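# Per-entry structural report
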Amino acid sequence: MIRTAIGIGALALSLGTAVPPAGAAPDAQTAATAACALGLGSLDVNINGVNSRVLTSAGAGAVVSTPNVYNTPYNVGQPTSFTAVPAGNGRTTRSGKVVWGAGYLMQSTYTVGRDGKVVGTPVFQRIGNGWGGRFLIQSQYKASAGSKPTRTMLYQQDQYGLFGRWTDVGNGLRNTGYVTGMSSMKSFTLIAATPTYDMFLANNRAGGLYTVKIPVTVPLKPIITPVRTSSWQIFEQLVSAPCGQNGSLLLGIDKDTNTGYLYAVGHAAGAKTVIKSLGKVPTTFPDWVYFPFTPAYNPLNGG
């Protein structure tokens, strides 16, 4: 069995331009081009699998269902982003992390055909125990498409707002810090990964939108900067993708109404950050947890 969420199919993404807060006026056609795309995935409890679709400023692509990925007695949730890379003959291999049951962190890899159905047998590798909380985000920095990752980090916030970071040290994950004081934050999405820091967009219950910049140094010391002060509290989840040379395509999901809104967000610059509304997405978002599909090289330059 799986916890709910929506999804996207076999894809290769190219992304490009900028995004705004919940109250901004729609400007879908001028704020972003069709080259800006968000591959959106989710877990589907009804099929023990994954759904997928692509969102652009022009609208929402058709849902591609991939049943029977997680034929397990455990609940499955808290997915990181999943890479989706060509595997030949129209196939695509997807790889990312999920949490099983009472805290088992698993590396999940499976291949789909043109129709989105699983080809072969999904592979799951257990990484460790004690994982859970409200979300799980992986940051991986690569200097270029042909290079190997020089660092990989996982971030998680527990039910009480304790925010933690784990660093891949080659033979496992090592905790490199916890911080308190962010319990009011509702959702985080990664918009930048550089050699020296990661940066998130986060919204809180009071309606604010913030950047959270986290240097890779130890101890963990987030730098929180206001971007907007109102209207962002309606979103239970934020999901983003690179857009243009230094921006992000941002999806805000309102679980009270199962609706989603797209924004083009310029390079992070505090309150001066350019945010343009691309309008309401013409589809519903009934699932509980959403995650991005990305290409193998996914330069996050939004902050």
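Above this note sits the structure.
## Considering the overall build of the protein
Of the regular secondary structure elements, the protein holds one helix and 22 strands. For the protein, the residues scored as buried account for 54% of the 303 residues in total. Considering only residue pairs separated by 6 or more positions, the protein has 54% of its internal contacts joining residues 24 or more positions apart. Summing over all exposed atoms, the protein offers an accessible surface of approximately 12,600 Å²; the carbon and sulfur share of this is 52%.

## Considerations on the sheet that holds strand 16 (residues 209–215)
Whenever strands of a sheet pair, they do so through backbone hydrogen bonds, lying parallel or antiparallel. Read from one edge to the other, the open sheet built from four strands follows the order 14-15-16-17, with strand pairing classed as antiparallel. Unpaired on one side and paired on the other, strand 14 (185–193) and strand 17 (223–228) mark the two borders of the sheet. Between one strand axis and the next, the sheet turns by 25° as a mean value, whatever way the strands run. Of the strand pairs in this sheet, strand 15 (residues 197–204) and strand 16 are connected by seven bridges, and their pairing is antiparallel. Of the residues in strand 16, the one forming a bridge with Y197 is P215.

## A word on unusual backbone geometry
Put simply, V218 and P219 share a cis peptide bond, and its omega is 10°. Along the chain, P219 falls in the loop between strand 16 and strand 17. One non-glycine residue, N48, lies in the positive phi region at around 50°. Inspection of the secondary structure assignment puts N48 in the loop between strand 1 (37–44) and strand 2 (49–56). A positive phi angle, near 55°, is found at N89, a position not held by glycine. Along the polypeptide, N89 turns up in the loop between strand 6 (82–88) and strand 7 (91–100). The class for N89 is exposed, based on a relative accessible area of 72%.

## Some words on the side chain of Q156
Note on placement: Q156 falls in strand 11 (residues 151–157). Note on Q156: relative accessible area 7%, which makes it buried. One polar contact links the side chain of Q156 to the main-chain carbonyl oxygen of G132, over a distance of 2.2 Å.

## Examining the state of the cysteines
What the rule picks out here adds up to one disulfide. Note on cysteine connectivity: C36 is disulfide-linked to C243, with sulfurs 1.9 Å apart. Taking the sign of the S-S torsion, about 90° here, the bridge from C36 to C243 comes out right-handed. Of the two residues, C36 sits in the loop between helix 1 (28–31) and strand 1 while C243 sits in strand 18 (residues 237–243), which places them 207 residues apart along the sequence. A residue is classified by how much of its surface remains accessible, and C36, at 1% relative accessible area, is buried.

## Quick word on the environment of V179
For V179, the position within the fold is in strand 13 (residues 173–179). Note: C-alpha distance between V179 and G164 (15 residues apart in sequence) is 6.6 Å. Look past the residues within four positions of V179 in its chain and what remains in contact with it is G161, L162, F163, L220 and P222.

Thresholds, definitions, all that
- Residues numbered from 1 in each chain as written.
- Predicted model: local features only at pLDDT ≥ 70, side-chain atom pairs only at ≥ 80, totals over all residues.
- Heavy atoms only, no water.
- Helix = DSSP H or I, 4+ residues; strand = E, 2+ residues; numbered from the N terminus.
- Buried < 20%, exposed > 50% of the residue type's maximum accessible area, 1.4 Å probe, protein only.
- Contact = heavy atoms within 4.5 Å.
- Areas by Shrake-Rupley, 256 points an atom, 1.4 Å probe, with all protein chains shown as cover.
- Pairing = 2+ DSSP bridges.
- Axes fitted to C-alpha atoms, helices over the stretch in contact; angles between N-to-C directions.
- Polar contact = N/O pair within 3.5 Å; in protein donor to acceptor, adjacent residues only side chain to side chain.
- Disulfide = S-S within 2.5 Å.

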